[in-house]
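# Structure assessment
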Amino acid sequence: MVASTPSKKLFSVTLRVWRQANPDQPGKFVDYPAHNVSPDMSFLELLDVVNDGLTVSPEEPIAFAHDCREGICGTCSCTINGKPHGPGKGVATCQVYMRSFQAGDVIVVEPFRATAFPIIKDLVTERSAFDKIQQAGGFISARTGAAPDANAILVSKAAADLAMDAAACIGCGACVAACKNASAMLFVAAKVSHLGLMPQGQPERDRRVLAMVQTMDEAGFGNCTNQYECSAVCPKNITHDFIARLNRDYVGALFRSELQSVSTSAGGGA
Ligand code: FES
């Protein structure tokens, strides 16, 4: 006897979506009923279906950002029912499935809220502040054209594992959106750590952390006050322990740079 697959029960929900035509207009929540919702639909597929309906109506489709739809690119950033990336742990918005919701639910969808992430339209925010932080120090200088043997520089398993954990950051900005201070410390900590833990990242280690923290401050992100909301919503489960590592790196780099400027000025006066 062949076991039959249980039929999936379709259901209805209401999407309460933040609509804002552009950064200069005030926004508001608008309700959109969605029927025949399959529990196997992803949340972004539901937005696609609602948008299909809106394309044949006088209203504009809902603007939302997405790219890979498999939790890799960090583009699909919105807050669902008050939580960046919505229900679930360790998943991005594109990995949220409608089975996480109940028939009749009113699902509130809004953009990430932070001064450093201004709203462009509806659910789309401008997150180039993260790019600027990356450009300030998220790289290593390496000679190209003469790659050394991969085994010439030994890396301990512990350091490699930790660096990989930090490198999992997809730069989505959920950490900022979840933090009451709109702090980007978890993002910066991950980017500083994944290079700082590797031998290849040592030459620029001090310069990197000083430049990235300065750029973070200039972009208008707040400070960390140890609430740990950032790691609670991170789709890659990046732990706030990396923030402690960032602080240690930063203080050490600041001390060495002060020491250097004192010895330079002392040498100059001799
Ligand atoms: S669309 Fe790429 S992480 Fe969601």
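Residues numbered from 1 in each chain as written. Predicted model: local features only at pLDDT ≥ 70, side-chain atom pairs only at ≥ 80, totals over all residues.

With that settled, the discussion passes to the overall build of the protein chain. On a plain count of helices and strands, the protein chain comes out with eight helices and seven strands. Seen through its C-alpha atoms, the protein chain measures out along the principal axes to roughly 80 × 60 × 40 Å. Across the 270 residues that make up the protein chain, the buried fraction comes to 34%. A fraction of 71% describes how many contacts in the protein chain between residues 6 or more apart in sequence connect residues 24 or more apart. (Helix = DSSP H or I, 4+ residues; strand = E, 2+ residues; numbered from the N terminus. Buried ≥ 20, exposed ≤ 12 C-beta atoms within 10 Å, placed from the backbone. Contact = placed C-beta atoms within 7 Å.)

Quick look at the domain arrangement of the protein chain now. Taken domain by domain, the protein chain comprises domain 1 (11-121) and domain 2 (128-142 + 150-265). One C-alpha centre belongs to domain 1, the other to domain 2; they are set 30 Å apart. Taken together, the contact between domain 1 and domain 2 spans 18 residues of the former and 17 residues of the latter. Here the residues of the side of domain 1 that touches domain 2 are counted per class, giving nine nonpolar, seven polar and two charged. (Domains from an automatic or database assignment. Nonpolar A, V, L, I, M, F, W, Y, C, P; charged D, E, K, R; others polar.)

This brings us to the packing of helix α5 (residues 185-196) against helix α6 (residues 205-218). It is the contact of α5 with α6, at a shortest axis distance of 10 Å, that shows an interaxial angle of 170°. As judged from the angle between their axes, α5 and α6 are roughly antiparallel. Contacts from Val-188, Lys-191, Val-192, Leu-195 and Gly-196 in α5 reach Arg-205, Arg-208, Val-209, Met-212, Val-213 and Met-216 in α6. By residue class, the composition of the contact of α5 with α6 is seven nonpolar, one polar and three charged. (Axes fitted to C-alpha atoms, helices over the stretch in contact; angles between N-to-C directions. Parallel < 35°, antiparallel > 145°, perpendicular 65-115°, else oblique.)

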